[in-house]
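Results of the structural survey
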Amino acid sequence: MDAQEKFLLPRPVKPNPTVAVSWAYPNTYLVGMSGLGYQLIWWLLEQDQDLLVKRVFTDQSDHGWEDCELLGFTLSWELDFANVFKLLKARGTPLLSCERTQDDPIVFGGGPSLSANPEPFADFFDVVLTGDAEVMLPAFMEKWKQVRHLKNRQKQLTELATVDGIYVPSLYRYELDDPKGAIRSVEPLHSEAPRYIHRQAFAAPDDYIAHTVVLTPESSWGNMFLVEVVRSCPQECRFCLASFLTRPFRGANVATLLEKIDLGLQHTKKVGLLGPSVTEHPQFPQIAEELLKRNNLELSIASIRVDTVDPLILKMLVGLGQRSVTIALESGSERLRAVMKKNLTEEEFKAAMVLIAGSGLKAVKLYGIAGLPGETQEDLDETVRLLTETKKAHKQLRMTFGVSSFVPKAQTPFQWNGRDKESGKKLEYLRKRLSKIGIEVRPESHNWSDIQALLSRGDRRLTPVLLEVAESAGNLGAWKRALRNVPDTCPEGDFFIFRNIPTTETLPWRHLMDDAKAGMLYKHQTTAAEAAANFA
């Protein structure tokens, strides 16, 4: 592993570890070690005296990682799945769980993309952990120690399925009227398999906070100490997976947060505050005041909610070396923001921009989404109008507009809404009009967003498609070829990508939600429709 790694905490001494675990990130070392999630789970595994833990990446790995009885993956992005296959092949592990024997490791996984809807990957994973890692990993490992000596792999998996939050896909089957149509129901195959998987949330003690444990210059942020300030988001925008998958909203203990930041400052001056909505921490003004006292600190915050922008926060950002601020506007249309529950008025946005322009910051990065459910040409024009007015009012600010197209995510209120087939044209419309007025527009690929939607709302009937893509280059052309030739047992790609799913239809991931959550998402969906009607 990278010789320049610096461990911020002492690694546990393990006289006699008995369980070999390889923990893999399905991308390069640079990408994997840049994220707090991978480091968090690796460090949790390291704390277990019984585990011998090896790290695995696509370009480098700990020596001897292949010799393991548990092989785990974190899947933060749907399109990393092809690298999961590559690592399984590198170890000589069958790709399909049904082909593995007692001599093969149990392949487990977690992460937001996998746990929200594991169904497209159901035939490849023996176990999926749903819920916060701080709860699920200890529970999984404790149960595994109890069943690892069983000589029957199926019996091991059946026993693992009894743990709350552990999903064993092979213990479920689809009931179908038409192999290329909707699912009638998802049925457990064993009495030990629960009908619904109950996602587990972590209630952190005051002295706990997730933070970087290994600093390395060979990461995307280059020796930046990352610390989680909040988990989930209280606003619950209806398209947002981070809001709905990781509920409830939780803020870190302020004393612990500052203590860990001071730990990081012993090794680096760069600190990044993480969370979907950092400045909505209920004590963020106190945090800002305390951070301003640390003169050796260079601060980075991923994104700031517009209605939390105030002179103190801006003073903190400027005083601690940040030159730009990032804001998720999503759309310039008041109507569309109401439909998605953005909880942001045009007046609040304009007031925040006035404060930013007068703060000393040099640039603003705005994020937007095209092709949201119910979007019209008038909504796009409202985005152009608002950003044009903003640019004219604050010419000294360098403005960037990063715009993606809507991808429906499982376990969000917009899970029933398909993608807009006109997304590509809408992205180009925004690019042309905003570039003319001096805003740098950075559109994401709408073609790859189609593939994201396929995997976000797909099911295990996609197995042959994924296998075909993985056997080829894995590029966009490979996806298009595979989707042109889907087998008779699989729906066409449009079925998953663009179709508006009736709310009465059984979703492939319905058994991953209890009735309370399913009802809450349905209520959001109907409220969104009411919000749209109110603007009609």
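Further up the page is the structure itself.
Residues numbered from 1 in each chain as written. Predicted model: local features only at pLDDT ≥ 70, side-chain atom pairs only at ≥ 80, totals over all residues. Heavy atoms only, no water.

Considering helix α8 (residues 254-265)
Condition: Each helix is a run of DSSP H or I of at least 4 residues and each strand a run of E of at least 2, with the numbering of both proceeding from the N terminus. Expected span of a helix, by definition, is 1.5 Å for each gap between consecutive residues, and there is one gap fewer than residues. Think of it in three bands: residues with accessible area under 20% of the maximum for their type are buried, residues over 50% are exposed, and the middle band is partly exposed, with areas taken using a 1.4 Å probe on protein chains only. In this description, contact between two residues means that some pair of their heavy atoms is separated by no more than 4.5 Å.
The first and last C-alpha atoms of α8 sit 16 Å apart over twelve residues, in line with the 16 Å expected at 1.5 Å per residue. Counting buried positions along α8 yields nine of twelve residues, so the element is predominantly enclosed. Turning to α8, its buried residues number three or more, namely Val254, Thr256, Leu257, Leu258, Lys260, Ile261, Leu263, Gly264 and Leu265. Looking at the buried residues of α8, the elements they touch are β11 (225-228), β14 (270-274) and α9 (284-292).

So, the pairing of β14
To keep things clear, this is the line we draw: Paired strands, as defined in this entry, are two strands with at least two bridges between them according to DSSP.
Taken together, the four bridges between β11 and β14 define a ladder with parallel strand orientation. Bridging across to β14, Leu226 finds its partner in Gly272. In the sheet, β14 pairs with strand β15 (residues 298-301) via four bridges, with the strands oriented parallel. For Lys270, the partnering residue across the bridge sits in β15 and is Glu298.

Topic: the side chain of Asp450
The line we're drawing: Definition of a polar contact: a pair of N or O atoms within 3.5 Å, with one able to donate and the other able to accept a hydrogen when the atoms are protein atoms, and with sequence-neighbouring residues admitted only if both atoms are side-chain atoms.
With respect to the helices and strands, Asp450 occurs in helix α15 (residues 446-457). At 2.7 Å, the side chain of Asp450 and the side chain of Arg419 are in polar contact. Beyond its immediate chain neighbours, meaning those up to four positions away, Asp450 contacts Arg419, Ile497 and Phe498.

Structural notes on the sheet that holds strand β2 (residues 19-24)
Strand order in the open sheet made by the six strands is β3-β2-β4-β5-β6-β7, with mixed pairing throughout. Strand pairing shows two members of the sheet lacking a second neighbour, β3 (51-56) and β7 (166-167), which therefore form its edges.

A short note on the pattern of salt bridges
Stated precisely, the cut-off is as follows: We define a salt bridge as a contact between a side-chain nitrogen of Lys or Arg and a carboxyl oxygen of Asp or Glu at a distance within 4 Å.
Tallied over the full model, the rule gives 47 salt bridges. Close ionic contact of Glu228 with Arg231 constitutes a salt bridge, the shortest N to O distance being 2.8 Å. The pair Glu228 / Arg231 is uniform in exposure class, with both members buried. Across the pair Asp515 and Arg510 runs a salt bridge, and its minimum N-O distance is 2.6 Å. Classification of Asp515 by relative accessible area gives exposed; the value is 51%.

Looking at the sheet that holds strand β16 (residues 324-330)
So the rule is basically this: Each axis is a line fitted through C-alpha atoms, and for a helix only the stretch in contact is used; angles between axes span 0 to 180 degrees, taken between their N-to-C directions.
Spatially, the four strands line up as an open sheet ordered β16-β17-β18-β19, and their pairing is parallel. Each edge of the sheet is formed by a strand with only one pairing partner; in this case those strands are β16 and β19 (440-443). This sheet shows a mean twist of 20° between the axes of neighbouring strands, independent of strand direction. Pairing analysis gives six bridges linking β16 to strand β17 (residues 363-370), with the strands arranged parallel. Across the sheet, the residue bridging to Ala328 is Tyr367, located in β17. Across the face of the sheet, helix α13 (residues 377-393) comes into contact with β16, β17 and β18 (398-405) while running at roughly 165° to β18. The strands touched by helix α14 (residues 423-435) are β17, β18 and β19; relative to β18, the strand with the most contacts, the crossing angle is about 170°.

Quick word on helix α3 (residues 81-91)
Count 3.6 residues to each turn of an α-helix, and residues three or four apart come out pointing the same way. Counting buried positions along α3 gives eight out of eleven residues, so the element sits mostly inside the fold. Taken residue by residue, α3 has Phe81, Ala82, Asn83, Val84, Phe85, Leu87, Leu88 and Arg91 as its buried positions.

Concerning the side chain of Arg461
Mapping Arg461 onto the fold places it in the loop between α15 and α16 (463-471). A polar atom in the side chain of Arg461 sits 2.8 Å from the backbone oxygen of Pro179. Each residue touching Arg461, except ones within four places of it in the same chain, is listed here: Leu176, Asp178, Pro179, Lys180, Gly181, Ile183, Thr489, Cys490, Pro491 and Phe495.

So, the packing of aromatic side chains
For clarity, the threshold we go by: Working definition: rings of Phe, Tyr and Trp (its six-membered ring) pair if their centres are within 6.5 Å, and the pair is stacked with planes under 30 degrees apart, edge-to-face with planes over 60 apart, and tilted otherwise. Think of it as a cone above the ring: NZ of Lys or CZ of Arg counts as a charge over the ring if it is within 6 Å of the ring centre and within 35 degrees of the ring normal.
The final tally for this structure, using the stated rule, is 17 aromatic pairs. Here Phe81 and Trp479 contribute two aromatic rings whose centre-to-centre distance is 5.7 Å and whose plane-to-plane angle is 65°, an arrangement assigned as edge-to-face. You can see Phe81 sitting in helix α3 and its partner Trp479 sitting in helix α17 (residues 476-484), a full 398 residues away along the chain. For the pair Phe81 and Trp479, a shared accessibility class is recorded, and that class is buried. An aromatic cluster is defined as three or more aromatic residues linked by ring pairs; in this entry it consists of Trp23, Tyr25, Tyr29, Tyr38, Phe57, Phe108 and Phe140. Seen from the ring of Phe498, Lys421 lies directly overhead, with NZ or CZ sitting 5.2 Å from the centre. The ring of Tyr174 carries Arg460 above its face, with NZ or CZ at 5.1 Å from the centroid.

What to know about the environment of Ser34
Checked against the element boundaries, Ser34 lands in the loop between α1 (29-32) and α2 (36-46). With 240 residues separating them in the primary sequence, Ser34 and Leu274 have C-alpha atoms 12 Å apart. When residues no more than four places from it in sequence are discounted, the contact partners of Ser34 are Ser219, Ser220, Trp221 and Leu226.

Notes on a positive patch on the surface
How we decide: Note on patches: the residues involved have over 30% relative accessible area and no salt bridge, like charges join within 9 Å, and the nonpolar side chains Val, Leu, Ile, Met, Phe, Trp and Tyr join within 5 Å. In these tables, accessible area is a Shrake-Rupley quantity obtained with a 1.4 Å probe, and a residue counts as shielded only by the protein chains included in the view. We treat Lys and Arg as the positive residues and Asp and Glu as the negative residues; His and chain ends play no part in the count. Think of each charge as sitting on NZ of Lys, CZ of Arg, CG of Asp or CD of Glu.
Together, Arg323, Lys362, Lys365 and Arg398 make up a region of like positive charge exposed at the surface. Relative to the assigned elements, Arg398 resides in strand β18.

Concerning the nonpolar core
Let me state the cut-off plainly: Joining through side-chain atoms within 4.5 Å is the link that ties buried Ala, Val, Leu, Ile, Met, Phe, Trp, Tyr and Cys residues into a set, and such a set is a nonpolar core.
Of all hydrophobic cores here, the largest spans 86 residues; its most connected members are Phe108 and Val127. Looking at this core, the element that brings in the most residues is helix α5 (residues 133-147), giving seven residues. Leave out the neighbours within four places in its chain, and Val127 touches Ile106, Val107, Phe108, Gly109, Phe140, Leu157, Leu160, Ile166, Tyr167 and Val168.

Brief notes about the environment of Thr28
Structurally, Thr28 is set in the loop between β2 and α1. Remark: the alpha-carbon pair of Thr28 and Gly368, spanning 340 residues in sequence, is separated by 28 Å. Not counting residues within four places of it along the chain, the set of residues in contact with Thr28 comprises Phe57, Thr58 and Asp59.

That's the geometry; what it means functionally is another story.
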